[in-house]
Amino acid sequence: MPCFQCGARQSDPARGASPWRRGVRADRQVLICPDCQTALDWRAALDRCVSCSSVELICRLGEVECRTCGHTRPADPGQAVEQPEPAAASGLAEEVRVLQPRRL
Ligand SMILES: [Zn+2]
Ligand SMILES: [Zn+2]
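Residues numbered from 1 in each chain as written. Chains lettered and ligands numbered in written order. Predicted model: local features only at pLDDT ≥ 70, side-chain atom pairs only at ≥ 80, totals over all residues. Heavy atoms only, no water.

Novice: Just to check I follow, could you spell out the pairing of strand β4 (residues 63-66) for this structure?
Specialist: Consecutive side chains of a regular strand alternate in pointing toward one face of the sheet and then the other. Direction of pairing for strand β3 (residues 57-60) relative to β4: antiparallel, over a ladder of four bridges. Opposite Leu57, over in β4, you have Cys66 as the bridge partner. The antiparallel pairing of β3 with β4 creates a hairpin that spans two residues between the two strands, and Leu61 there sits at a positive phi of about 50°. In this sheet, strand β5 (residues 72-74) lies alongside β4 in antiparallel orientation, the contact comprising three bridges. Residue pairing in the sheet places Val64 in a bridge with Arg73 of β5. What sits between the antiparallel neighbours β4 and β5 is a turn of five residues, in which Gly70 has the positive phi angle 85°. (Pairing = 2+ DSSP bridges. Helix = DSSP H or I, 4+ residues; strand = E, 2+ residues; numbered from the N terminus.)

This is how it looks when you write it as structure tokens:
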């Protein structure tokens with residue numbers, strides 16, 4: 001899974017503690033690379049635990065779990081799906097459909 005911010009991919013096999021951080025953004029599991037951790041306020045872009053405001057969340061099996069306090073909530077399937085851009089002209093409809101980015 002690439003970094004959600006810059007698209008970088010983990011190159012080295014994970015050995016021990018990875019410098020990459022995991023988080024949940026719009027109910028989807030994301031990774032943040034070490035560069036982006038220092039370059040931007042990545043916590044502001046992530047979902048937070050409704051109970052303790054931690055960003056240490058994991059998304060799995062249709063629910064989001066807080067690794068800090070253990071609070072879980074169901075992931076919203078409606079949020080997890082990115083809405084495709086409406087086609088500007090009817091002639092573009094087919095092309096837009098073909099060019100949809102693959103789900104990661
Ligand atoms: Zn990054
Ligand atoms: Zn929590």
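Novice: Please explain the coordination of the zinc ion (ligand 2) as it appears in this structure.
Specialist: Four donors placed tetrahedrally about a metal ideally form angles of 109.5 degrees, and six donors placed octahedrally ideally form angles of 90 or 180 degrees. At this site the zinc ion (ligand 2) is bound by Cys49 (SG), Cys52 (SG), Cys66 (SG) and Cys69 (SG), with donor distances of 2.3 Å. Relative to the metal, the four donor atoms surrounding the zinc ion (ligand 2) lie at angles of 106 to 115°, and the coordination shape comes out tetrahedral. Spacing between the donor residues of the zinc ion (ligand 2) along their common chain follows C-x2-C-x13-C-x2-C. Relative accessible area serves as the criterion here: at 1%, Cys66 is assigned to the buried category. With relative accessibility at 39%, the residue Cys69 sits in the partly exposed group. (Donors = N, O, S within 2.8 Å, 3.2 Å for Na, K, Ca; no water. Tetrahedral: all angles 85-135°; square planar, octahedral: opposite > 155°, others 65-115°. Buried < 20%, exposed > 50% of the residue type's maximum accessible area, 1.4 Å probe, protein only.)

Novice: When you look at the coordination of the zinc ion (ligand 1) in this model, what are you seeing that I'm missing?
Specialist: The protein atoms donating to the zinc ion (ligand 1) are Cys3 (SG), Cys6 (SG), Cys33 (SG) and Cys36 (SG), with metal-donor distances spanning 2.3 Å. In this structure, the zinc ion (ligand 1) is surrounded by four donor atoms whose angles at the metal cover 107 to 114°, and the resulting shape is tetrahedral. One chain supplies every donor for the zinc ion (ligand 1), spaced along it as C-x2-C-x26-C-x2-C. One end of the pair, Cys3, is in the segment before β1 (21-25); the other, Cys33, is in the loop between β2 (28-32) and α1 (34-39), with 30 residues separating them in the sequence.

Novice: What exactly am I supposed to notice about the environment of Ala8 here?
Specialist: Within the fold, Ala8 resides in the segment before β1. Linking Ala8 and Asp35, residues 27 residues apart in sequence, is a C-alpha distance of 9.4 Å. Those residues in contact with Ala8, other than ones at most four positions away along the chain, are Pro2, Cys3 and Trp20. (Contact = heavy atoms within 4.5 Å.)

Novice: I'm lost on the pairing of β1 in this one. Help?
Specialist: As paired strands, β1 and β2 are joined by five bridges and run antiparallel to one another. Across the sheet, the residue bridging to Gly23 is Val30, located in β2. With antiparallel pairing between neighbouring strands as the criterion, β1 and β2 make up a hairpin whose turn holds two residues, including Ala26 at a positive phi of roughly 50°.

Novice: How should the sheet that holds β5 be read in this particular structure?
Specialist: Read from one edge of the open sheet, three strands run β3-β4-β5, paired in antiparallel fashion. If you trace the sheet from one side to the other, it starts and ends with β3 and β5, each paired once. The mean inter-strand angle of the sheet, taken between neighbouring strand axes irrespective of direction, is 20°. (Axes fitted to C-alpha atoms, helices over the stretch in contact; angles between N-to-C directions.)

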